[in-house]
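Summary of the model geometry
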Amino acid sequence: MSVLWCHRQARVGLILLALMVLAVFVGPLFVGDPDAFVGRPLDPPSLSHLLGTTGQGQDVFAQTIVGGRTTLGLGLVVGLAVVMVGSVIGGLAGYIGGRVDDVLSFLINVFLVLPGLPLMVVLAAYLPAGPGSMAAVLILTGWAWNARVLRAQVASFRRRDFVEAAIVAGESPMRVLIVEILPNMASLLGGSVLGATTYAVGAQVGLEFLGLGDLGAVTWGTNLYWATNDSALLTGSWWTFVPTGTCVALTGLSLALINFGLDSVTNPALSADVGRGAPGPQPTPVRRST
Amino acid sequence: MSACPILQIKDLHVAYGDTEVLAGASLDVQAGELVGLVGESGSGKSTLVQGALRLLPFPAQINGGEVIVDGVDLLGLSHAELRRTWWDKVSLVPQNALSALNPMLTLRAHFDETLLAHGITDPAERHKRAEDGMRMVELAPSRLAAHPHMLSGGMRQRVAIALALVLDPQLVVFDEPTTALDVVVERQILDQISSLRKERGFGAIFITHDLTLLQSIADRVAVLYAGQIVENAPVAELGGPKSHPYTRGLLAALPPRLDEDRHAVPIPGAPPRVGDAIPGCRFAPRCVEVVAACSERPALKLVGPGHQVACVHALAVESS
Amino acid sequence: MSRPLLDVRGLGVTFDRGGWARPSFLRAAHRVSFTVHPGEVVALVGESGSGKSTIGRVIAGLQPAATGQVLLDGTELPTAGTAGLPAHLRGRVQMVFQDPYGSLNPVHTVFHHIARPLLLHKRATPGELRQRVSALLEQVGLSPAEDFIDRKPQALSGGQRQRVAIARALAPRPDLLVADEPTASLDVSVRMSVLTMFRKLQKRRQLGVLLITHDLASARWMADRIVVLYAGQVMEQGPARAVLTTPRHPYTQLLVAAGSRRPEPLPGKPGLPPVVDPSPGCPFAERCPRVTFGCIDDEVTVHVAPDTEPPGAWRVRCHHPDPHLPTSGAQ
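What you see is a predicted model, and the numbers here were worked out from it, not measured in a lab. (Residues numbered from 1 in each chain as written. Chains lettered and ligands numbered in written order. Predicted model: local features only at pLDDT ≥ 70, side-chain atom pairs only at ≥ 80, totals over all residues.)

**Re the overall build of chain A**
- Looking only at helices and strands, chain A features 12 helices and zero strands.
- With the C-alpha coordinates of chain A rotated into their principal frame, the extents come out at 75 × 70 × 35 Å.
- Among the 290 residues that make up chain A, the fraction classed as buried is 41%.
- Long-range pairs, those at least 24 residues apart, make up 68% of the contacts in chain A with a sequence separation of at least 6. (Helix = DSSP H or I, 4+ residues; strand = E, 2+ residues; numbered from the N terminus. Buried ≥ 20, exposed ≤ 12 C-beta atoms within 10 Å, placed from the backbone. Contact = placed C-beta atoms within 7 Å.)

See below:
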């Protein structure tokens, strides 16, 4: 973690994410009820309502803050879950190999090939509305990509001498996978969690925007749904969707920045100091001290 | 000192960030001569030559010295000028042929890449040079259509040698060319290098950690320890009474060959880690002949014709 | 004669290379037979492609065999199945790998690498772990142990890593150690100190060692017996010094000539071992200076050198061994 902090971009990303998490989890204590009717509908931002009101006369600021709690919270949980499911299935496939790998790879490929968005739409339409269903839909459509990547990594580590040495020394397969192989993949797993979280947040917002989420709940996605429903663009009420949209964008940005930092940690050639100037490999620089 | 050196490295300093890896090394190569460069892992032998040719990637940097090839200091050249010098005047056979060859390209494409980069555009000419190159290392020209992974380790090494010679450079650097090879293939490669030298007359630097290899092919040997050249001698003088204690220690530590009945004596201790600051002679902590004067870094002294030793015990003679 | 610790009988290993129209296979080992007695060092010698590493991996339980048997102290090792030996045999065979930079896990300390086998095979209680690990480190020459015990592999040199690998292999107190090219990746100047330490420990613990190497000099120095492999088949086997001083098989003669620094050209023709879809007959035929038509087609008989102790200990698989030996009629 300390190495990440040293990386400029990662530091910005971490701070940004921390601020947002703080805002959405602590903020709701300070803002009013987002569902309450507080003023004239579609009122532009003013001193009494910092971000104006929605088409139903609700406080946009409150909705933005409270909405983030579900969206970010679920996004982080789903991101972790996707990587966990992917690790287990991909890890077993890569480690055991043979028939097990054939079966699991087939399963992974089927889920990869299934068209994601239509599947999401169909599932979301049929399952009862709520965060549980949303989580299920996202995990079901998102786990395969990570499984594929992790399977390849585990398979390559499986052939390495230090893994074979652990096997010859008598370690059980589970211990080899968890204690010897997975720690070597820490940055890959970290990057996967960041990517999966980005996916989870974006897909969530997308589905809810289409009206497939729990319309009664206050989330970033439903905010955008109701904003469209209330003809925000036609009436020029930018304040009903720009704040939420900005928050989603900032979330994605912060996760991406942290990911850059993670990349640099694992691959020093990507460090910020390299390649200033001409692209491609350069001859050894000469620095003369007098 | 001598006729016309094709390469003169003078007092080269190479560092990785703040850590100095090479502390003022000098090396000359005369036309047609094979100079062996021997040292243990981490001694800086690859760094010395690759740094001199400016082939080390960031974060390496050169902090001082001169590298003269054909009257021009490589350290002052621009990237474009260096690209004209590389492979044309000086070329390199890298340590691991497998990683030096692009698995996506055929062997012919490798030759074409180099030839095109040096302005040889006529396809017939490129064909001829590629085929001549393959024949030169005793490989069938028909194999030019193959990809590197289809060849054995020894064959890949020979292709790397052919690529290094395709533009007829004056100096070829062999960076541990046989380290990863079996004894029979190693012997074939060494024989190949010797016959090519007789045929083409290029000068060469042969980098290795195995001193016994050099005893059969080198004219002169430079011994590198912890980033410094401690001895520069004609191969016959190595290990003799005037030699550096490290050189003698190395020879004694080598495993006895199949036809030898010698008891190997390892050098006590371990080489200093890169970046460890040691005042004075860097070999002193492990040297059996250490004395108080070793706390001063000894300079290279001429102890015989073409023989320099950096040791306090070396008796300097007047150069003629 | 005591029962051999390791008895390899007719071992064969093949790898399927796929191929749609014409199935293709790589024959890494064929009809390999040799023994290792308790406390004996047997060198398995050959170039790349000789199959020596594959045979070592089969014995360590990392690779299944296609044909033949491998008996450890009379118990047959399972030839099918995935990694690892049956529980009661694990710990009796251990392995030292060639690449010191790949055989240690970069995320774990030296302590972890040696403590795990000690715990798994109940050679130490958790309380005495640190002390036992330190003792092992001292035995392999990493002294003082405190300087090394908590370091990660990246902080060690190649020679030091290989010593850790040897300590790890010795932790479960095995009877047989498979050493796969233990010094090939080390600088020549450190090879002897690692090998000397290894030999001292082998003698002290009366370990059986299968030394896999392409370096004849270290084979002669350390081994009691030598088995010479080419293209997965045993060409010659016998007392190490005798075989390397007066080799009888043309391939052994080639290896010995290559290892010496004599300027004469090497005997025979250059070539690669035929391991892919091989034809019957002697695999060395296309390179051999003494080849005749019979070598290419016929099954090659094994000749036994007379007056070796014990009788039958020196065997050569060749139609024209040098000098001519009476045939044994075996295999």
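What follows continues from the structure just given.
**Focus on the interface of chain B and chain C**
- Residue-level contacts link 24 residues of chain B with 27 residues of chain C.
- At the level of elements, helix 7 (183–200) and helix 9 (245–253) of chain B are the ones that each hand at least two residues to the side of chain B that touches chain C.
- Here the side of chain B that touches chain C takes four residues from helix 7 of chain B, the largest share from any one element.
- For the side of chain B that touches chain C, the residue count by class is 12 nonpolar, six polar and six charged. (Nonpolar A, V, L, I, M, F, W, Y, C, P; charged D, E, K, R; others polar.)

**Here's the deal with the interface of chain B and chain A**
- Listed by partner, the interface residues are 14 residues for chain B and 10 residues for chain A.
- Taken together, the elements giving at least two residues each to the side of chain B that touches chain A come down to strand 4 (60–69) and helix 2 (79–85) of chain B.
- At five residues, the largest contribution of residues to the side of chain B that touches chain A is made by strand 4 of chain B.

**With respect to unusual backbone geometry**
Residues and elements named next belong to chain C.
- Cis geometry marks the peptide bond from Ser 143 to Pro 144, where omega comes out at -5°.
- Tracing the sequence through the fold places Pro 144 in the loop between helix 3 (129–139) and helix 4 (158–170).
- Despite not being glycine, Glu 181 shows a phi value in the positive range, around 45°.
- The backbone phi angle of Ala 231 is positive, close to 50°, even though this residue is not glycine.
- If you trace the backbone, Ala 231 turns up in the loop between strand 9 (225–230) and strand 10 (233–239).
- Given 23 C-beta atoms within 10 Å, Ala 231 falls into the buried group.

**Considering the pairing of strand 11 (residues 301–304) of chain B**
Residue and element names in this part refer to chain B.
- Sheet topology note: the strand 11/strand 12 (residues 307–309) ladder contains three bridges and is antiparallel. Following the sheet pairing, Lys 301 is matched in strand 12 by Val 309.
- Counting the residues between successive antiparallel strands, the hairpin from strand 11 to strand 12 contains two residues, one of them, Gly 306, with a positive phi of roughly 65°. (Pairing = 2+ DSSP bridges.)

**Brief notes about the nonpolar core**
- By size, the foremost hydrophobic cluster in this structure holds 251 residues, and its most contacted members are Ala 43, Leu 210 and Leu 211 of chain C.
- Considering each element in turn, this core owes the most residues, 12 residues, to helix 3 (residues 60–96) of chain A.
- Leu 210 of chain C has contacts with Leu 6, Val 36, Val 42, Leu 44, Gly 56, Ile 59, Leu 176, Val 178 and Ala 179 of chain C, leaving out every residue within four places of it along the chain. (Core = buried A, V, L, I, M, F, W, Y, C linked by C-beta atoms within 7 Å.)

**Notes on helix 8 (residues 250–259) of chain C**
- Within helix 8 of chain C, nine of the 10 residues are buried, which leaves the element mostly enclosed by the surrounding structure.
- Along helix 8 of chain C, the positions that sit buried rather than exposed are Pro 250, Tyr 251, Thr 252, Gln 253, Leu 254, Leu 255, Val 256, Ala 258 and Gly 259 of chain C.
- Turning to helix 8 of chain C, the residues buried within the fold contact helix 7 of chain B together with helix 6 (216–222), strand 9, strand 10 and helix 7 (240–245) of chain C.

**Details of the sheet that holds strand 5 (residues 72–73) of chain B**
Residue and element names in this part refer to chain B.
- Ordered by their spatial adjacency, four strands build an open sheet running 2-1-4-5, and the pairing between neighbours is antiparallel. Edge positions in the open sheet fall to strand 2 (19–30) and strand 5, since each of these has one partner strand only.
- Judged from the two bridges that link them, strand 4 and strand 5 form a sheet pairing that is antiparallel. Looking at the pairing, Val 69 lines up with Val 72 of strand 5.
- Where helix 1 (residues 45–52) meets the sheet, it contacts strand 1 (5–16), strand 2 and strand 4, and its direction lies at approximately 110° from that of strand 1. (Axes fitted to C-alpha atoms, helices over the stretch in contact; angles between N-to-C directions.)

**Here's the deal with the packing of helix 5 (residues 116–126) of chain A against helix 6 (residues 131–158) of chain A**
Residue and element names in this part refer to chain A.
- Where helix 5 contacts helix 6, the axes come no closer than 10 Å and their chain directions differ by 155°. Viewed along their axes, helix 5 and helix 6 adopt a mutual orientation that is roughly antiparallel. In this structure, the crossing between helix 5 and helix 6 has a hand that is right-handed. Residues Gly 116, Leu 119, Met 120, Leu 123 and Ala 124 of helix 5 pack against Val 137, Leu 140 and Thr 141 of helix 6. (Parallel < 35°, antiparallel > 145°, perpendicular 65-115°, else oblique. Left-handed = near helix turned anticlockwise from the far one by under 90°.)

**Looking at the environment of Thr 14 of chain C**
- Mapped onto the elements of the fold, Thr 14 of chain C is located in strand 1 (residues 6–16).
- For the pair Thr 14 of chain C and Asp 298 of chain C, spaced 284 residues apart in the sequence, the C-alpha separation amounts to 22 Å.

**Here we look at the environment of Trp 239 of chain A**
Residues and elements named next belong to chain A.
- Mapped onto the secondary structure, Trp 239 falls in the loop between helix 11 (232–235) and helix 12 (242–266).
- Residue Trp 239 is classed as buried on the basis of its 22 C-beta neighbours within 10 Å.
- Along the sequence, Trp 239 and Ala 36 sit 203 residues apart, while their C-alpha atoms lie 18 Å from each other.
- Discounting residues that sit within four places of it in the chain, Trp 239 has contacts with Pro 44, Pro 45, Leu 51, Gly 52 and Val 60.

**Here we look at the packing of helix 4 (residues 98–113) of chain A against helix 6 of chain A**
All names here are of chain A.
- Their axes nearest at 8 Å, the elements helix 4 and helix 6 cross at an angle of 135°. With respect to helix 6, the element helix 4 is oriented oblique. Crossing angle aside, the handedness with which helix 4 passes helix 6 is left-handed. Every residue of helix 6 that contacts helix 4 at Ile 108, Phe 111 and Leu 112 is listed here: Ala 144, Trp 145, Ala 147 and Arg 148.

**Considering the environment of Arg 151 of chain A**
Residues and elements named next belong to chain A.
- Along the chain, Arg 151 turns up in helix 6.
- Given 23 C-beta atoms within 10 Å, Arg 151 falls into the buried group.
- Once residues within four sequence positions are removed from consideration, Arg 151 is found in contact with Gly 90, Ala 93 and Gly 94.

**Observations concerning the sheet that holds strand 10 of chain C**
All names here are of chain C.
- Ordered by their spatial adjacency, eight strands build an open sheet running 6-7-8-3-9-10-12-11, and the pairing between neighbours is mixed. Looking at the sheet topology across the chains shown, the edges are occupied by strand 6 (93–96) and strand 11 (302–304). Within the sheet, the average angular offset between the axes of one strand and its neighbour, ignoring direction, is 20°.
- By the bridge criterion, five bridges tie strand 7 (residues 176–180) to strand 8 (residues 208–213) in an arrangement that is parallel. Within strand 8, the residue paired with Leu 176 across the bridge is Gly 208.

**As for the confidence of the model for chain A**
- The pLDDT averaged across chain A works out to 85; a share of 93% of its residues lies at or above 70.
- When pLDDT is averaged over each element of chain A, helix 4 of chain A comes out on top at 92 and helix 1 (residues 2–6) of chain A at the bottom at 67. (pLDDT = per-residue confidence, 0-100.)

**Some points on helix 5 (residues 123–136) of chain B**
Residue and element names in this part refer to chain B.
- Taking 1.5 Å of rise per residue, the 14 residues of helix 5 would be expected to cover 20 Å, and the 20 Å separating its terminal C-alpha atoms lies within 8% of that figure.
- Residues of helix 5 that are buried include every one of Ala 130, Gly 133 and Met 134, and no others. The arc that holds the buried residues of helix 5, viewed along the axis, is 95°, so those residues lie on one side. Seen from the open side of helix 5, the exposed residues pointing more than 90 degrees away from its buried face are Ala 124, Glu 125, Lys 128 and Arg 135.
- Those residues of helix 5 that are buried lie in contact with helix 4 (107–117) and helix 6 (153–165).
- Following helix 5 by one or two positions, Glu 138 has its phi on the positive side, about 60°. (Expected span 1.5 Å × (residues − 1). Arc of directions from axis to C-beta.)

**So, the pairing of strand 8 of chain C**
Residues and elements named next belong to chain C.
- Counting buried positions along strand 8 gives six out of six residues, so the element sits mostly inside the fold.
- Sheet topology places strand 3 (residues 41–45) next to strand 8; five bridges connect them, and they run parallel. Along strand 8, the bridge assignment pairs Val 41 with Val 209.
- Handedness of the crossover is the feature at issue here: the chain leaves strand 7, passes through helix 5 (residues 188–205), returns alongside strand 8, and the resulting connection is right-handed. (Right-handed = clockwise from strand over helix to strand, strands pointing away.)

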